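Structural overview
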Amino acid sequence: MTLLPVLLLAAGTYAFRLAGPLLSQRIQVSARVQRLLTLSAIALLSALVATATLTSSGGFGGAARPTGVAVGAVLAWFRLPFVVVVVAAAGTAAVLRMLGVP
Amino acid sequence: MSTVDRALVRDVAAIAAAAGVVGVSFGAIAVAAGVSVWLASAMSMLVFAGGSQFMVVGVVAGGGSPVAAVLAGLLLNARHLPFGMVVSDVLGRSWPMRLIGTHLMVDESVAFALAQQDPAKRRAAYWLCGGTLFVSWNIGVLVGALAGRALGNPDALGLDAAFPAAMFALLLPSLRASADTAESKRAAAVARKVALLGAAIALVTTPFLPAGLPVLLALLGLSVALR
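None of these values were measured; they are calculated from a predicted model. (Residues numbered from 1 in each chain as written. Chains lettered and ligands numbered in written order. Predicted model: local features only at pLDDT ≥ 70, side-chain atom pairs only at ≥ 80, totals over all residues. Heavy atoms only, no water.)

1. Here's the deal with the interface of chain B and chain A
If you look at the interface, chain B gives 79 residues, while chain A gives 64 residues. Buried area between chain B and chain A, summed over both chains or domains, comes out near 6,300 Å², and the portion from carbon and sulfur atoms is 80%. One can count eight residue pairs in polar contact (both at pLDDT 80 or more) joining chain B with chain A. Considering every element that reaches the side of chain B that touches chain A, the biggest residue donor is helix H9 (residues 159-175) of chain B, with 16 residues. A class-by-class count of the residues in the side of chain B that touches chain A yields 61 nonpolar, 13 polar and five charged. (Contact = heavy atoms within 4.5 Å. Buried area = accessible area lost by both parts, 1.4 Å probe. Polar contact = N/O pair within 3.5 Å; in protein donor to acceptor, adjacent residues only side chain to side chain. Helix = DSSP H or I, 4+ residues; strand = E, 2+ residues; numbered from the N terminus. Nonpolar A, V, L, I, M, F, W, Y, C, P; charged D, E, K, R; others polar.)

2. What about the environment of alanine 18 of chain B?
Following the sequence through the fold, alanine 18 of chain B ends up in helix H1 (residues 6-32). Through-space distance from the C-alpha of alanine 18 of chain B to that of valine 190 of chain B is 28 Å; in sequence the pair is 172 residues apart. Not counting the four nearest positions on each side in its chain, alanine 18 of chain B is found in contact with Phe82 and Val83 of chain A.

3. So, the environment of methionine 55 of chain B
Tracing the sequence through the fold places methionine 55 of chain B in helix H3 (residues 50-61). The spatial distance from the C-alpha of methionine 55 of chain B to the C-alpha of proline 173 of chain B is 21 Å, given a sequence separation of 118 residues. The contact partners of methionine 55 of chain B, leaving out residues within four places of it in the chain, are Leu48 of chain A together with Ala72, Gly73, Leu76 and Val215 of chain B.

4. A word on the pattern of salt bridges
Counted by the stated rule, this structure contains five salt bridges over all chains. Taking the shortest distance from any N to any O, the salt bridge between arginine 97 of chain A and aspartate 160 of chain B comes out at 2.7 Å. With one member in each of two chains, arginine 97 of chain A in helix H4 (residues 82-98) and aspartate 160 of chain B in helix H9 form a pair that bridges those chains. Taking the relative accessible area as the measure of exposure, aspartate 160 of chain B reaches 11% and is therefore buried. For the salt bridge of aspartate 89 of chain B with arginine 122 of chain B, the shortest nitrogen-to-oxygen distance reads 2.7 Å. (Salt bridge = Lys/Arg side-chain N within 4 Å of Asp/Glu carboxyl O. Buried < 20%, exposed > 50% of the residue type's maximum accessible area, 1.4 Å probe, protein only.)

5. Considerations on the confidence of the model for chain B
The pLDDT averaged across chain B works out to 85; a share of 93% of its residues lies at or above 70. Confidence scores differ between elements of chain B, with helix H7 (residues 107-114) of chain B showing the lowest mean pLDDT of 79 and helix H2 (residues 37-46) of chain B the highest of 96. (pLDDT = per-residue confidence, 0-100.)

6. Details of the domain arrangement of chain A
Domain parsing of chain A yields domain 1 (1-48) and domain 2 (62-102). Once you take the C-alpha centre of each, domain 1 of chain A and domain 2 of chain A turn out to be 30 Å apart. (Domains from an automatic or database assignment.)

7. Section: the packing of H4 of chain A against H9 of chain B
Where H4 of chain A contacts H9 of chain B, the axes come no closer than 8 Å and their chain directions differ by 150°. The orientation of H4 of chain A with respect to H9 of chain B, classified from their angle, is roughly antiparallel. In terms of crossing hand, the pair formed by H4 of chain A and H9 of chain B is right-handed. Across from Phe82, Val85, Val86, Ala89, Ala90, Ala93 and Arg97 of chain A in H4 of chain A, the residues of H9 of chain B making contact are Leu159, Asp160, Ala161, Ala162, Ala165, Ala166, Ala169 and Leu170 of chain B. (Axes fitted to C-alpha atoms, helices over the stretch in contact; angles between N-to-C directions. Parallel < 35°, antiparallel > 145°, perpendicular 65-115°, else oblique. Left-handed = near helix turned anticlockwise from the far one by under 90°.)

8. Here we look at the packing of aromatic side chains
Both the distance between ring centres and the angle between the ring planes are used here to describe each pair of aromatic rings. Residues and elements named next belong to chain B. This model, assessed by the stated rule, comprises four aromatic pairs over all chains. Each ring, one from phenylalanine 48 and one from phenylalanine 134, has its centre 4.9 Å from the other, and the planes form 80°; the classification is edge-to-face. You can see phenylalanine 48 sitting in the loop between H2 and H3 and its partner phenylalanine 134 sitting in helix H8 (residues 119-151), a full 86 residues away along the chain. Exposure remark for phenylalanine 48: the relative accessible area of 4% places this residue in the buried category. Relative to tryptophan 127, the ring of tyrosine 126 has its centre 6.4 Å away and its plane inclined at 75°; by these criteria the two rings are edge-to-face. (Phe/Tyr/Trp six-rings, centres within 6.5 Å; stacked < 30°, edge-to-face > 60°.)

The structure is reproduced here in structure tokens:
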């Protein structure tokens, strides 16, 4: 990967961040539009979680990763600290791979 | 600094530590995907939006084009527009400060600001959280990028499982009712439907489409909220 896509992403992201403070002095976004913007972020992030958990290079990515993610997800569901969730997910996948699970 | 109380510092420290850990995993994953150490660090300082950084690296590592990666990352970061409309009052009056504060706009700093009622505390929470996260995230990324290269394969550490689990943990509050009211429960139910449909669309289309596109198609999941 080269510097150009990074600069484009940085500039675009900063523009999104700056647009809010600039716009808020002028117009009022409806609650419905705000809700839809939030929901679109939820849809994108959920899709990212699903694909990052189960796929790699367009196919199934092996059992160790989804098992680790599932352990982390259960801990998150029961409101354990974020660090515990992250470490447990990684640790589970690492141990499974050490045991030869792909 | 009297407006910065001890509980706020403790909560920010916890979030910053977590961001540092995720930053380490991002640095290691980026290097494993063929991104150089300095480019991973530059991206983290200039973009400073973890989800989109993971997405860009993931799309490129998965064989997708850089254009698709940037578009997917930008789509993910579009939520900062409504965020900015919500927190514009904490950014201050002078333009140099407003421009710096704008860059510190992340999910966590916005959430911390929203949790405060008093304007001075709102401002303190936003800046403390945003500033601390910027430092811990970037240190974490640099450490992860350097260690990742030394370790060779971050998958052996299970870091590829850490990221989806972390994202899931960050998503959970949006999928749960924040209060015991019918309105809050209904909103959470809609969010869960959108999340499930979006995830299903992306999974089903992944074998047939270029990397990055399935995640964009997940936006069709919004259809359940438009009825």
